[in-house]
Amino acid sequence: MRLSRRKLVIGGVLGGGALIVGYWFAHERDRLGDRTLFSTHPGDVGLNGWVKLAGDGRVVVAVPRAEMGQGVHTALAQLVAEEMDARWSDVRVETPPESNVYRNVEILLDGLPFSPEQTGMMVDGARWAVGKVMGVLGVAATGGSTSVRDAWHPMRLAGASARELLLRAAARKSGLPQSELKTADGEVRGRGGRVVARFGELVDALGDLTPLADVPLKRPANFTIIGTPASRLDLDDKVTGRAVFGIDVRPPGLLFAAVRNCPTFGGSLQQATPPAGGLPPGIRKIVPLPTAVAVVGDNWWRAQQFLKAGLDIAWDEGPNAALSSDALWRAYETLAATSDRKESRVSGDAALLARPGRRIEAVYRAPYLAHATMEPMNCTARLDDAGLTLWMPSQSSSLMRYVAAREADLPQDKVTVHTTFLGGGFGRRAEVDLVKQAVAVAKAMRGTPVQVLWSREEDMAHDFYRPMALARLSAVLPPDGASAAQDAIAWDAVLVGQSAGSQYTSRLLGIAEPGDPDPNSIENLPYGLGFHRLSTIVPRGPVPVGFWRSVGHSHTAFFDECFVDEIAHALGKDPLAMRRDLLRDKPRHRKVLDAAARGASWGTGLPAGSGRGIALRVSFGSIVAQVAEVMVESGAIRVKRVVCAIDCGPVVNPDIVRAQMESGIVYGLTAALHGEITISKGRVEQHQFDDYPVLRIDGMPAIETVIVHSDDAPLGGVGEPGTPPIAPAVANAVFAATGQRLRSLPLKLA
């Protein structure tokens, strides 16, 4: 489906288009997929669109989400294996073909401008309609901590349907009634536990049996794989070096392309002049691009060195050659002081703002941040008479296919996308800039595969950055002696910052930037307040911004949770006690907060120069609280220990949850202590890890993760929620240790 038609479909459904809704209802039964959908090798037999079985007993699960270290291949396979009663050692995973069956509906629902707790006809109707749109469009994408949430039902259903199919095959083969058979540990067993057949022995008995979609799912009390620390399916290949990342792809005849992009935002290429003597040995071609130049060679280093020293490149630096961070901050400060803003969240009694009482105010800042994925940005492409083939570490094969087809002027069925392992994603690999460049180079080198690979310097200077943001916060405090702080606090906030989602939509669809704030930047505070108002201003500017791990939560959590501490200090309250008071109507949140505080021994003594800080954030369906213990010595902040508590609802794999909390904390701590992209003369000043440092082993704190079980609660994500609370927890700990209130990131002592 071409994108122009998709836009019409979206408009039709959201406007009440009955035809598409009717189409979706008519085909909803196909979510399971038929037995021929999941591509099979000789000897393999499909059980439905998600599972196939090999004669040697291997159970192969279709996992349509990108593995970028978050453990999604393992977690999603556990959902199928649980319901199927497969033996875990028999389970393998493969990437399935493109199909609407494998769409990610949850990722689009997460982008709606509503808080999770919001309900009502408009909210429920929008969620329903967007769910149906996504069902028709069938976009496979990985992000927003949605993979397990989206797959929870369909992949469990696939496992249960496969189990039922195997029972029918075993009954056919053995002649026993199906009612006397059951599955366990990769086998079908009869009365007394007698083994009737191993799963692999039933391949020939499956015949033309049709999978059923109305099979019962297990009760959580009967789970044996879900909820256990099943071994990661991707680790063996990664440890042994067999894993194939994007930069490992080596199709026959591969050439390499190094790229230099215009250093200024909005600039373009004027001219790239080769040396008078012609191209040196090993250099095959110079490919001009609208805002860059690529050099194709027989190895990347040779191409890169020629790009640096062999070409005379002239740039048109464009209209933003004088842009600077200082100018942007001044503009943000001016915007925050204006009345031209949108009220994005309002609740409670506005009269409390005018009540006589103590008023506190603060301005918080967060800078642009780069993703700095460990694997450099890359895409390999080959264009020939058969079509276009891409190999790349991507978070959405569907979107990459669409953009590649558009750039190559091909129908989408002539484009094949092979998704490799990702050496870090964090939202950066949802962008399509590398696809565009790779297709342009492939067109210039028709018939030859070319790997476009950026240097770290190019990646740092041409990212889609986490937006810089400024928050002007004020609060009217309750009068002395008020019985309940939450009934009397009036909170008023103004948030200024670009919108990653708005820019991404503009880039992808080729439409004007909508200008709406990111939904996760304007989610309601979890605390009970007498009045809460959040006004937003979304400036447009030349700096490209995109999704960065935890998106808007990454900076708004810092603003909100530090200001909660400021209110507690002004009221003379312990920060933990203050939060508990504000959460008195939310027992799940309180339980998580208490678990973190208890694990960190909140309230006990610490050495001089040390302090503890606490923060809580609800994001991507999960509740996370963190306590940071810091030591300030010789003007340096050292984070010694972090205790993290999470309630993500049902837990698929506790080891993955812990690993993702640790990963999110490291990512967020890097940003809190070091991360800052600055701009001067229209270009980024940072180039490498020496001036954009990441957390090193000697700065790593001890991390303890407490999983707060809540099996009946809605499912939450774990890939991103560990990042938002760490910066405010550390900042609040610094205040406890020194009395200095740090309101700008990265955290720097005076």
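The coordinates are above.
Here, residues in each chain are numbered from 1, in the same order as that chain's written sequence. The model is predicted, so local features are restricted to residues of pLDDT at least 70 and side-chain atom pairs to those at 80 or more, both for listing and for counting; the totals for chains, interfaces and linings are taken over all residues. Side-chain measures here rest on the full set of heavy atoms in the structure, leaving out hydrogens and waters.

Chemist: In this structure, what is going on with the overall build of the protein? I would like to understand it.
Modeler: In this description a helix means any DSSP run of H or I spanning at least four residues, a strand means any run of E spanning at least two, and both kinds are numbered starting from the N terminus. Counting its regular elements, the protein contains 18 helices and 27 strands. For the radius of gyration, the atom set is restricted to C-alpha positions; the globular benchmark scales as 2.2 Å times the number of residues to the power 0.38. For a compact globule of 750 residues, the expected C-alpha radius of gyration is about 27 Å, and the protein comes in at 27 Å, within 12% of that figure. The principal-axis extent of the C-alpha atoms belonging to the protein is close to 80 × 80 × 55 Å. Throughout, a contact is declared for two residues whenever any of their heavy atoms are within 4.5 Å. If you take every contact in the protein between residues at least 6 apart in sequence, the share linking residues at least 24 apart comes to 76%. With residues, only the protein chains shown are counted as cover, and all accessible areas are computed by Shrake-Rupley using a 1.4 Å probe. When the accessible surface of the protein is split by element, carbon and sulfur atoms take 53% of a total near 29600 Å². Charge assignment: positive for Lys and Arg, negative for Asp and Glu; neither His nor the chain ends contribute. Charge coordinates come from a single atom per side chain, which is NZ of Lys, CZ of Arg, CG of Asp or CD of Glu. Averaging the positions of the 82 positive and the 80 negative side-chain charges in the protein gives two centres separated by 1 Å.

Chemist: How should I be thinking about the state of the cysteines in this particular structure?
Modeler: Here is the idea: a disulfide is a covalent bond, and it sits between the sulfur atoms of two cysteines. Pairs of cysteine sulfur atoms within 2.5 Å are identified as disulfides in what follows. As enumerated under the stated definition, the model contains zero disulfides in all. With no disulfide partner, Cys648 has as its closest neighbouring cysteine sulfur the one in Cys644, 10 Å distant.

Chemist: Looking at this model, I keep getting lost on empty space enclosed by the protein. Mind explaining?
Modeler: Here the idea is plain: a probe the size of a water molecule rolls over the atoms and shows the empty space left. Cavities and pockets are found on a 1 Å grid laid over the protein atoms alone: a cavity is a set of points where a 1.4 Å probe fits but cannot escape, a pocket is an open set with protein on both sides within 12 Å along at least five of seven lines, and a lining residue has an atom within 4 Å of such a point. Grid points are joined across faces, edges and corners, and a volume is the space filled by probe spheres set on the points. As enumerated under the stated definition, the model contains five cavities of 30 Å³ or more in all. The calculated volume of the largest cavity comes to roughly 120 Å³. Along the wall of the largest cavity there are 16 residues; nearest its centre are Ala493, Ser521, Leu534, Thr556 and Asp560. Of all the elements in the fold, those that place two or more residues in the lining of the largest cavity are β19 (469–476), β20 (490–497), β21 (531–537) and α14 (553–570). The leading source of residues in the lining of the largest cavity is β20, at four residues. Amino acids are sorted into nonpolar (Ala, Val, Leu, Ile, Met, Phe, Trp, Tyr, Cys and Pro), charged (Asp, Glu, Lys and Arg) and polar (every other residue, Gly among them). Grouping the constituent residues of the lining of the largest cavity by class yields ten nonpolar, three polar and three charged.

Chemist: Would you mind going over the pattern of salt bridges with me for this structure?
Modeler: Pairs can form between side chains of opposite charge once their charged atoms are near each other. Here, a salt bridge means any side-chain nitrogen of Lys or Arg that lies within 4 Å of a carboxyl oxygen of Asp or Glu. This structure, assessed with the given rule, holds 49 salt bridges. Between Glu83 and Arg163 there is a salt bridge; the shortest N-O distance is 3.6 Å. One end of the pair, Glu83, is in helix α3 (residues 72–84); the other, Arg163, is in helix α6 (residues 147–174), and 80 residues separate them in sequence. Taken individually, Glu83 and Arg163 each receive the classification buried, so the pair is uniform in this respect. With its nearest N and O atoms 3.9 Å apart, the salt bridge here joins Glu407 to Arg406. Assessed through its relative accessible area of 31%, Arg406 is described here as partly exposed. Salt bridges linked by common partners bring Arg87, Asp90, Asp185, Glu187 and Arg189 together as one network. Residue burial is assigned from relative accessible area. The probe radius is 1.4 Å, only protein chains are included, and a residue is buried under 20% of its type maximum, exposed over 50%, and partly exposed in between.

Chemist: Explain the sheet that holds strand β14 (residues 359–366) to me, please; I cannot follow it from the model alone.
Modeler: As a general point, the strands of a sheet are linked pairwise by backbone hydrogen bonds and lie either parallel or antiparallel. Spatial ordering of the open sheet is given by β13-β21-β20-β19-β14, a layout of five strands whose pairing is mixed. Every interior strand has two partners, whereas the edge strands, β13 (342–348) and β14, have only one. Strand-to-strand, the axes of this sheet are offset by a mean angle of 10 degrees, without reference to chain direction. Relative to β21, β20 runs parallel, the two sharing seven bridges. Looking at β21, one finds that Trp491 is bridged to His532. Sitting on the sheet, α14 is in contact with β14, β19 and β20, with an inclination near 155 degrees to β14. Pairing between strands requires that DSSP locate at least two bridges from one strand to the other. Angles run from 0 to 180 degrees between N-to-C directions of axes, and those axes are lines fitted to C-alpha atoms, restricted for helices to the stretch in contact.

Chemist: Before we go on, may I ask you to explain the layout of surface pockets in this structure?
Modeler: Here the second largest pocket defines a volume of roughly 1000 Å³. For the second largest pocket, the lining is made up of 43 residues, of which His73, Val93, Glu94, Thr95 and Thr419 are closest to its centre. Of all the elements in the fold, those that place two or more residues in the lining of the second largest pocket are β4 (91–94), α7 (235–240), α10 (397–408) and β17 (415–419). Partitioning the lining of the second largest pocket into residue classes produces 19 nonpolar, 13 polar and eleven charged.

Nothing here speaks to function; it is geometry throughout.
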